[in-house]
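# Report on the structure
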Amino acid sequence: MHDGPGAFSLRGYPSFNLREDNDLSDDRPVRDTFLPFSRPSLGEAEIGGVVEVLKSGWITTGPKTRAFEEQFAAYVGAKHALAVTSGTGGEHITLLSMGIGPGDEVITSPMTWASSVNMIVAVGATPVLVDVDPRTFNIDPAQVAKKITARTRAIIPVHFAGLACDLDALSAIAAPHGIPILEDAAHAVGTHYKGGQIGSHGNTAIYSFHPIKNITTGEGGMVTTDDDALAAQIRLWRFHGVNRDSWARSGKGGAGGYDVLLPGFKYNMLDLQAALGIAQLARLEEFIARRTELAEFFLAKLGGLEELQLPVADPGFPARHAWHLFTPLVDVDRLDCDRFEFMDELKNENIGTGLHFLAVHLNAMYEKRFGYRRGDFPNAERISDRILSLPLFPSMTDRDAQDVVDAVVKVVRRHRKVGR
Ligand SMILES: *Cc1c(COP(=O)(O)O)cnc(C)c1O
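Quick notes on the rules
- Residues numbered from 1 in each chain as written.
- Predicted model: local features only at pLDDT ≥ 70, side-chain atom pairs only at ≥ 80, totals over all residues.
- Heavy atoms only, no water.
- Salt bridge = Lys/Arg side-chain N within 4 Å of Asp/Glu carboxyl O.
- Helix = DSSP H or I, 4+ residues; strand = E, 2+ residues; numbered from the N terminus.
- Buried < 20%, exposed > 50% of the residue type's maximum accessible area, 1.4 Å probe, protein only.
- Pairing = 2+ DSSP bridges.
- Axes fitted to C-alpha atoms, helices over the stretch in contact; angles between N-to-C directions.
- Contact = heavy atoms within 4.5 Å.
- Polar contact = N/O pair within 3.5 Å; in protein donor to acceptor, adjacent residues only side chain to side chain.
- Near = heavy atom within 4 Å.
- Areas by Shrake-Rupley, 256 points an atom, 1.4 Å probe, with all protein chains shown as cover.
- Nonpolar A, V, L, I, M, F, W, Y, C, P; charged D, E, K, R; others polar.
- Right-handed = clockwise from strand over helix to strand, strands pointing away.
- Parallel < 35°, antiparallel > 145°, perpendicular 65-115°, else oblique.
- Left-handed = near helix turned anticlockwise from the far one by under 90°.
- Phe/Tyr/Trp six-rings, centres within 6.5 Å; stacked < 30°, edge-to-face > 60°.

Any two side chains of opposite charge can pair, on the condition that their charged atoms come close. Under the criterion given, the structure shown has 21 salt bridges. For K64, the salt bridge identified is with E52, shortest N-O distance 3.1 Å. Of this pair, K64 sits in helix α2 (residues 63-76) while E52 sits in helix α1 (residues 44-56), placing them 12 residues apart in sequence. Given a relative accessible area of 23%, K64 falls into the partly exposed group. For K194, the salt bridge goes to D168, with nearest N and O atoms at 2.8 Å. A residue pair is termed long-range when its members are at least 10 positions apart, and K194 in the loop between β6 (192-193) and β7 (196-197) and D168 in helix α6 (residues 167-174) qualify at 26 residues.

The next subject is unusual backbone geometry. Here the residue pair H356 and F357 is connected by a cis peptide bond, since its omega of 5° sits within 30 degrees of zero. Within the secondary structure, F357 is located in the loop between α10 (339-348) and α11 (364-370). Within the chain, K194 stands out as a residue other than glycine whose phi angle is a positive 45°. With phi around 45°, W323 is a residue other than glycine that occupies positive phi space. Of note, W323 is situated in the loop between β11 (319-320) and β12 (329-330).

What follows is about the sheet that holds strand β3 (residues 126-129). Taken in spatial order, the 3 strands line up as β3-β2-β4 in an open sheet, and their pairing is parallel. Each edge of the open sheet carries a strand with a single partner, namely β3 and β4 (152-156). If you compare each strand with its neighbour and ignore which way they point, the axes differ by 25° on average. Pairing geometry for strand β2 (residues 105-108) and β4, over 4 bridges, is parallel. Note that in β4 the partner of I107 across the bridge is I155. Docked against the sheet, helix α4 (residues 114-122) engages β2, β3 and β4, running at close to 145° with respect to β3.

What follows covers helix α7 (residues 228-238). Looking at α7, one finds that the buried residues are L230, A231, I234, L236, W237 and R238. At its buried positions, α7 is contacted by α2, β1 (80-84), α3 (87-97), β8 (204-208) and β9 (221-225). Backbone nitrogen of A229 and a side-chain oxygen of the N-cap are separated by 3.0 Å at the start of α7; the cap is D227. Directly beyond the C-terminal end of α7, a positive phi value near 60° is found at H240.

Bringing the side chain of N350 into the picture now. For N350, the position within the fold is in the loop between α10 and α11. A polar contact is formed between the side chain of N350 and the backbone oxygen of R31, at a distance of 2.9 Å. Not counting the four nearest positions on each side in its chain, N350 is found in contact with P29, R31, D32, T33, F34 and L35.

Taken together, 16 residues sit near the ligand, with G87, T88, H187, S208 and K213 positioned nearest. One nitrogen or oxygen atom from the side chain of S116 is found 3.4 Å from a nitrogen atom belonging to the ligand. Calculation on the ligand without its partners gives an accessible area of 380 Å², and the protein chains cover 91% of this total. When residues of the shell around the ligand are traced back to their parent elements, those giving at least two are α3 and α4. For the shell around the ligand, the residue count by class is 4 nonpolar, 10 polar and 2 charged.

Before going further, it helps to examine the pairing of β3. Two faces make up the sheet, and in a regular strand the side chains alternate between them. Pairing of β2 with β3 involves 4 bridges; the strand directions are parallel. By the bridge assignment for β3, I107 is matched with V128. A crossover connection joins β2 to the parallel β3 through α4; in handedness this β-α-β unit is right-handed.

With that settled, the discussion passes to the packing of α2 against helix α9 (residues 271-302). Helices that pack against each other are described as a pair by the angle of their axes relative to one another and the distance between those axes. Interhelical geometry of α2 versus α9 gives an angle of 30° and a closest axis separation of 8 Å. With respect to α9, the axis of α2 lies roughly parallel. Here α2 runs over α9; the crossing is left-handed. Counted together, P63, K64, T65, A67, F68, Q71, F72 and Y75 of α2 and D271, A274, A275, G277, I278, L281, L284 and E285 of α9 form the full contact between these two elements. Class assignment of the residues belonging to the contact of α2 with α9 gives a composition of 10 nonpolar, 3 polar and 3 charged.

Taken as a whole, this structure holds 15 aromatic pairs when the rule is applied. A ring pair is formed by F72 and F209, whose centres lie 5.6 Å apart and whose planes are at 70°; its orientation type is edge-to-face. You can see F72 sitting in helix α2 and its partner F209 sitting in the loop between β8 and β9, a full 137 residues away along the chain. No difference in accessibility class separates F72 from F209, as the two residues are buried. With centroids separated by 5.7 Å and ring planes inclined at 55°, the aromatic side chains of Y372 and F377 adopt a geometry described as tilted. Each member of the pair Y372 and F377 is classed as buried.

So, to be careful, I would describe these as geometric facts and stop short of saying anything about function.
Below is the structure:
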């Protein structure tokens, strides 16, 4: 598909038309201004939407949130979409709504943001981590099969960086035991698996709209499900355990009374946030197209560097990568620097990077409380020691993308052990 460095074919993306050779021996940084690794794309539609809500006199959960939920459910192809204050909050109340608690086990990946695992602990259940595939960084179904016990109550696959997990393989393992799959789709709004959007495969899925994610509401999240009873339970946990939210009570046509059925939380999305979400969702396909273009440029331009293991776009089954992150592994054995030094040197070139993620089991709380050790999940650890996130966001210019490539090549050349 790619012919190596310098041979990037434009394939319908004529905007890339840049110099081929740069003087990378220069001591000056490759660019004068700092390029962050992520930046949200917020324009007139988002600003106008928020202003409209501010002027409407109703700023918390109300008609905009309803509209965003309906549009989101239609986009992903799920029956219900429930807007929440964060992906983390969404996972918390989904686990509670599934009745998961002390004595229960939940299987998930160590290559995720800590919140995916923290929430399992927060409801009193035991996280059971399994290793990932060294190529895709996604949970390995064969490892999942080995960890199923009579106490397993859910499996949480994480679609890492926006690349789909093999949901059919996971279902084949989970379904005979009646174990539900709860997808961590924080990176996967717009990801396709076998022709369908993530969220349309009959599982409950949890999305995040944190500012670095593919669409943002400032902070926010969404839970999608086809299960009516589960949706009703999540609604209760989301808003004080009350059987009617304030819009349903105070809005036109609302009825007065209420009753408290659960010791619920306060995880409802504001209309101020939903206005952002509506505008962002309308631009999501355009965002993914640009992210894909940038990712393909990086794959082509960095493909010749033996010191990097580039992310795979093709997991071996039909899928559309949403390119939330572009996460090469730095081959520390071929370089005389480690990953953190590599990140620092990119910063000196005015290129920002992110770190997604350090394997969860190596964090102090998980080592201490659950006895995890280095050596438990070799693939996740190898990734954790080498991974970094390069800048990738829709408003990056072609020039920005070339600067990223130049900086990476420059740092690799400076630190490669052979052929310097
Ligand atoms: C961002 C993220 C979350 C949490 O989402 P928030 O909205 O920030 O709470 C969960 N899982 C993964 C993999 C994430 O990247």
